[in-house]
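Coordinate analysis (summary)
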Number of protein chains: 2
Amino acid sequence: MSKGLWYTETFSDGLQVGLKVERSLFAGQSAFQKVEIFETARFGRALAIDGLFMTSERDEAHYHELLVQPAMCTSPCIHNVLIIGGGDGGSAREVLSHPEVQRCVMVEIDGMVVDASKKYLPQIGPAWNDPRLELRIEDGIKYVGEASDQSFDVVLLDGSDPVGPAEGLFNGSFYKEVARILKPDGVFALQSESPMLFEKVFFDIQALLRKTFAEVHPYFRSVPIYGTGEWSWTYASQSTHPRSLVSSRVEHIEGGSDIYNMDIHHGVFALPQAIKRRLAEL
Amino acid sequence: MSKGLWYTETFSDGLQVGLKVERSLFAGQSAFQKVEIFETARFGRALAIDGLFMTSERDEAHYHELLVQPAMCTSPCIHNVLIIGGGDGGSAREVLSHPEVQRCVMVEIDGMVVDASKKYLPQIGPAWNDPRLELRIEDGIKYVGEASDQSFDVVLLDGSDPVGPAEGLFNGSFYKEVARILKPDGVFALQSESPMLFEKVFFDIQALLRKTFAEVHPYFRSVPIYGTGEWSWTYASQSTHPRSLVSSRVEHIEGGSDIYNMDIHHGVFALPQAIKRRLAEL
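Residues numbered from 1 in each chain as written. Chains lettered and ligands numbered in written order. Predicted model: local features only at pLDDT ≥ 70, side-chain atom pairs only at ≥ 80, totals over all residues. Heavy atoms only, no water.

Glancing now at the interface of chain A and chain B. The interface is formed by 43 residues belonging to chain A together with 43 residues belonging to chain B. Roughly 3,500 Å² is buried in total at the junction of chain A and chain B, and carbon and sulfur atoms are behind 50% of that figure. Salt-bridge contacts for R221 of chain A lead to E230 of chain B; the nearest nitrogen and oxygen are separated by 2.5 Å. Elements with a minimum of two residues in the side of chain A that touches chain B: β2 (6–11), β3 (15–29), β12 (215–222), α8 (262–268) and α9 (273–281) of chain A. Ranked by residue count, the leading element in the side of chain A that touches chain B is β3 of chain A, at six residues. (Contact = heavy atoms within 4.5 Å. Buried area = accessible area lost by both parts, 1.4 Å probe. Salt bridge = Lys/Arg side-chain N within 4 Å of Asp/Glu carboxyl O. Helix = DSSP H or I, 4+ residues; strand = E, 2+ residues; numbered from the N terminus.)

Quick look at the structure:
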C-alpha cells in the first residue's frame, strides 16, 4: 500500500518496512499477481509483487548472492542449472557468472515480471542475452514434474512467499520431485523465509526437506529491505555438504561480489542457538 | 513519530521501520532525551529514545548477546568490566551471566532510562539486584577520563546513535582513553551502526580505532527492529584476537542464549566482500 511518498509493507507480525519512492515506473496486473517497479529515493529501482518488496538495485546482492553461490560453489558439477522463479534475473546473473555453467534453465511463471525487469531493472539482470540461458515462461511445478531424472546439477528455488502462485513450491511432494531431477550429488537451494516473521513456514520447510534429503542446512543473513533483516535460505543435497567448497569458484566470485566470499560462506551456516535447539527437536 | 497505532522510525536513507503499538507505558523528557516505553503488538515491550527504537523484549538478545559475548568470551581475564550506556540493563545481564565477573560498573548518563527500564522492562534487566553491579548515573566520558590506567578487563560501549548525548562517544580521543583504562590484553567492544544506513560513521569508527588498537575487527549480524537488519559491532584490543575463545565460557553461555554460540562467534566476524575491499583502503 502506498502512503504518500512512502511504499509501506505491513507484516502480520506487527512490523512495517517502508521505502521512500520518487515515482512509479511500472504497474501491471498479470494473470497471477500485481507487479510494480518504483524508483526509490535511496535504494535504486525496486520490484514489488502483490505489495511485497522482492528486491532493489541497492540490496539485491544480499539476496541473490546468498541464494545462488553456496550451492554453485559446492556442487561437484555445475554444468546444468535450473532456476525456478527468479523473474528479475538476479539469480540467473549469479549462476551465469560461473564459466563452467553450460546451460541455465529459468522457469518463471509470470512473463510480466520478466518483461518489466528486462525493461526497468537492467542493472539486476545482465544475463538475459547470455546464450546459455534458456528462459521458459511456464509453471515451475509442471516443468519439474516433467523433467528427466538426474537432469540437473543444481536447482535453485527463487520464489516469493508461500501465498499466491508460489504456494505449491512450499511442500514435500515438490521437494521429492526436485530430488528426482537432481544428480545424486547435486544441490538444491531455496529461500526459506524469515525465521522470525514466518517461523512456522521456516521450520515446516526444514522438516519436509529432511524427509527427502540427507543433508539439510539452513543458512542466515540479512536482506536489508526484507522485514527483520534476518533472512534464511536452505541448502539440501543427498550427499554434498556445504563445507565442500570448490575454492577456484569462490575465488572467481570474490572478484566481483558484494557479499559472498569464503568466510561468509562458512559464517552463514552458523545456527543461532534458539534455532539450533528447535531443529534438534524436529 | 506516531501514526495511529504504528510507531514509525524514519531513516535519512529513505527507509522506515514501524512497530505496531498497543499502548504507551511510559513517556518522559529527561535532561538529555525523550524516553518512551511501549507495549507493542508482537515484539513485547519496546524502548524508544528520541523516536528511535533501542530494543524490544522479543529481539533484544540479537543486540545484547552480540555486543557483550564476543568480548567476554575472549578476554583472558573478565574480573572487572565497564559498561558505558546500556541503561535498559540487557548488557549488564549478559556480563553478569559469567560467574567469573567480580565487578561490573555501569555508567549511564540518563537516570530516566534506568528507572523506566527497571519498572517497565524487567524481562530485559534482571541484573539490577546483582551485588556485583555498580550502577552510576553520570557521564561516561567523564568517568572514563578519571578512571585509573589498566583498571578494566573489558569495556563495552552500549550507546545510541552518534547524535545527542552519545555523540562524544564516537571519536578518537575517547577511544584513546578507553585504551588507557583497559588492561593490555583487555577487550573493547562497541556498537558501530549499520554499515548501510550509517556507512560513513561505520568506516570512521574503524579508521579511528585502528589508530589506537592493534586488533580491530568489525562484526555483523541482524538486529530485527533496527533498519536494514544488518548491524555492526566492533571488537578492539591491543593483543587479544577474536579467535582466542575461552571455550568453557562459551559453553556456559550456550546453555541460556538465544543467538550466541561458538559457530555464531566465528561466523559474525566474516567480512562481506564490499566491506572487506573498503577496509583494505582505509
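A full pass over the atoms with the stated rule returns 30 aromatic pairs over all chains. Seen in terms of ring centroids, Y7 of chain B and F38 of chain B are 4.5 Å apart; in terms of plane orientation they differ by 50°. Their pairing is tilted. On the criterion of sequence distance, the pair formed by Y7 of chain B in strand β2 (residues 6–11) and F38 of chain B in strand β4 (residues 34–40) is long-range, its members being 31 residues apart. Considering the side-chain rings of Y7 of chain B and F53 of chain B, the 5.2 Å spacing of their centres and the 55° angle between planes classify their relative orientation as tilted. Taken together, the residues Y7 of chain B in strand β2 and F53 of chain B in strand β6 (residues 52–56) connect sequence positions 46 residues apart. Clustering of aromatic rings is evident, with ring pairs tying together Y63, F198, Y219, Y226, W231, W233, Y235 and F269 of chain A. Of note, K118 of chain B hangs over the ring of W128 of chain B, and the distance from its end group to the ring centre comes to 5.4 Å. (Phe/Tyr/Trp six-rings, centres within 6.5 Å; stacked < 30°, edge-to-face > 60°. Lys NZ or Arg CZ within 6 Å of the ring centre and 35° of its normal.)

Every α-helix winds through 3.6 residues per turn, so residues three or four apart in the chain are directed the same way. All names here are of chain A. With 14 residues, helix α6 (residues 199–212) should cover 20 Å at 1.5 Å per step; its first-to-last C-alpha distance of 21 Å lies within 8% of that length. Those residues of α6 that fall on the buried side of the exposure criterion are F202, F203, I205, Q206, L209 and T212. Close packing links the buried residues of α6 with α5 (172–181), β11 (182–191), β12, β13 (230–237) and α9. (Expected span 1.5 Å × (residues − 1). Buried < 20%, exposed > 50% of the residue type's maximum accessible area, 1.4 Å probe, protein only.)

Turning to the relation of the copies chain A and chain B, a few remarks are in order. What relates the pair of chain copies is a rotation about an axis plus a shift along that axis. Note on the copies: chain A fits chain B at an RMSD of 0.0 Å, the axial shift is 0.0 Å, and the rotation between them is 180°. Taken together, the rotation angle and the small translation identify this as a two-fold axis. Comparing interface residues between copies, 100% of those in chain A also lie at the interface in chain B; the contact surface is shared. (Least-squares fit on C-alpha atoms with pLDDT ≥ 70 in both.)

All names here are of chain B. Evaluation of the coordinates by the stated rule reveals 32 salt bridges over all chains. Put simply, E138 and R136 hold a salt bridge, and the shortest N to O gap is 2.8 Å. We classify E138 as partly exposed; its relative accessible area is 22%.

Residues and elements named next belong to chain A. Most of strand β10 (residues 152–158) sits inside the fold, with seven of its seven residues counted as buried. Across five bridges, strand β7 (residues 80–85) lies against β10 in parallel orientation. Paired with L82 across the strands is V155, a residue of β10. Bridge count between β10 and β11: five bridges; the pairing is parallel. Bridge assignment links F152 to a residue of β11, and that residue is L182. (Pairing = 2+ DSSP bridges.)

Turning our eyes to something else, we now look at unusual backbone geometry. Notably, Q150 of chain A is not glycine yet its phi reads approximately 50°, a positive angle. Structurally, Q150 of chain A can be placed in the loop between α4 (140–146) and β10.

This next bit is on the nonpolar core. Soluble globular proteins: nonpolar side chains tend toward being buried together. Counting residues in each nonpolar core, the largest one holds 96 residues, and the members touching the most others are V95 and L156 of chain A together with V95 and L156 of chain B. When near neighbours in sequence (up to four residues on either side) are disregarded, L156 of chain A contacts L67, V68, A71, V81, L82, I83, I84, V95 and A189 of chain A. (Core = buried A, V, L, I, M, F, W, Y, C linked by side-chain atoms within 4.5 Å.)

Another aspect to go through is the sheet that holds strand β9 (residues 133–137) of chain B. Residue and element names in this part refer to chain B. Strand order in this open sheet of seven strands is β9-β8-β7-β10-β11-β13-β12, and the pairing throughout is mixed. Of all strands in the sheet, those with a lone pairing partner are β9 and β12 (215–222), marking the two edges. The average angle at which neighbouring strand axes cross in this sheet is 15°, direction not considered. Those strands touched by helix α3 (residues 111–120) are β8 (103–108) and β9, and its axis lies near 130° from that of β9. (Axes fitted to C-alpha atoms, helices over the stretch in contact; angles between N-to-C directions.)

What follows covers the environment of I181 of chain B. When you line up the elements, I181 of chain B lands in helix α5 (residues 172–181). The spacing of I181 of chain B and M72 of chain B is 109 residues in sequence and 17 Å in space, taken between C-alpha atoms.

This part takes up the domain arrangement of chain A. All names here are of chain A. Looking at chain A, the domain boundaries give domain 1 (2–56) and domain 2 (60–281). Placing a centre on the C-alpha atoms of domain 1 and another on those of domain 2 gives a separation of 23 Å. Both faces combined, the contact of domain 1 with domain 2 buries some 2,100 Å², and carbon together with sulfur accounts for 72% of it. Joining domain 1 to domain 2, the criterion identifies zero salt bridges. Only β3, β4 (34–40), β5 (45–49) and β6 (52–56) provide two or more residues apiece to the side of domain 1 that touches domain 2. Broken down by element, the side of domain 1 that touches domain 2 gets its largest block of residues, seven residues, from β3. When grouped by side-chain class, the residues that make up the side of domain 1 that touches domain 2 number 16 nonpolar, six polar and two charged. (Domains from an automatic or database assignment. Nonpolar A, V, L, I, M, F, W, Y, C, P; charged D, E, K, R; others polar.)

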